[in-house]
Amino acid sequence: MLKNPLNIIDQDGIALYHEKVLTDEQIKPLYEELLNKINWENERVVMFGKEIITKRKVAFYSDPSIAYTYASRTKVGLPWKETLVTLKNMVESITKEKYNACLLNLYHNGEEAMGWHCDNEKEIVANSSIASLSIGASRKFSFKHKVTKETISIQLENGSLLEMKGTIQANWWHSLPKSKKITESRINLTFRQMHPKKGINEK
């Protein structure tokens, strides 16, 4: 039975941390399957008018008619893989929310990171739940309040789940800092609630 989540943030938004939602027996085969079966691509982002190809790899899966634009690039959701549907169902049972998309990130080591940002793109349902499942290396994850600059950090452990919802994207940035000490890789699955678009994935 799952423990009650740790309440990381409860002002200007909500962040709930579930320390362990996957068992050690589940994690290893799941990690191998995601590593080898997901359609990973290097991230291409446009910064200051220049295209940069990151070492970090990404993949985007979703229900039909879902597309996602960020960093001047649009991703159209690939059809769900059976493993992703299983994980989505598990996450939905924990959070009591529904998700129609999943953005996956593959960080090969601690040199690959994510700077301060918020998930406030127009395609994401405002104030909706974003549930982040971590598999692999434990990584530090930080929040920074946009007004007060208060920072809160947590260690995202292997097999853990972090849920962000309410007005958190409007009021807080979050980041995954670099760490030269980390040599192992990490797969992160962020389940999202997104607005469908007409004409996407239609034959």
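(A) Fine view of the pairing of strand β14 (residues 186–192). Burial runs high along β14: seven of the seven residues are buried. Side-chain alternation along β14 places R186, N188, T190 and R192 on one buried face and I187, L189 and F191 on a second face that is also buried. Direction of pairing for strand β7 (residues 101–107) relative to β14: antiparallel, over a ladder of seven bridges. Looking across to β14, one finds that C102 is bridged to F191. As judged from the six bridges shared by strand β9 (residues 130–136) and β14, these two strands associate in the antiparallel manner. Counted as the bridge partner of G136 is R186 from β14.

(B) Main features of the environment of K181. Along the chain, K181 falls in the loop between β13 (172–176) and β14. Judged by its relative accessible area of 79%, K181 is exposed.

Conventions adopted
Residues numbered from 1 in each chain as written. Predicted model: local features only at pLDDT ≥ 70, side-chain atom pairs only at ≥ 80, totals over all residues. Heavy atoms only, no water. Buried < 20%, exposed > 50% of the residue type's maximum accessible area, 1.4 Å probe, protein only. Helix = DSSP H or I, 4+ residues; strand = E, 2+ residues; numbered from the N terminus. Pairing = 2+ DSSP bridges.

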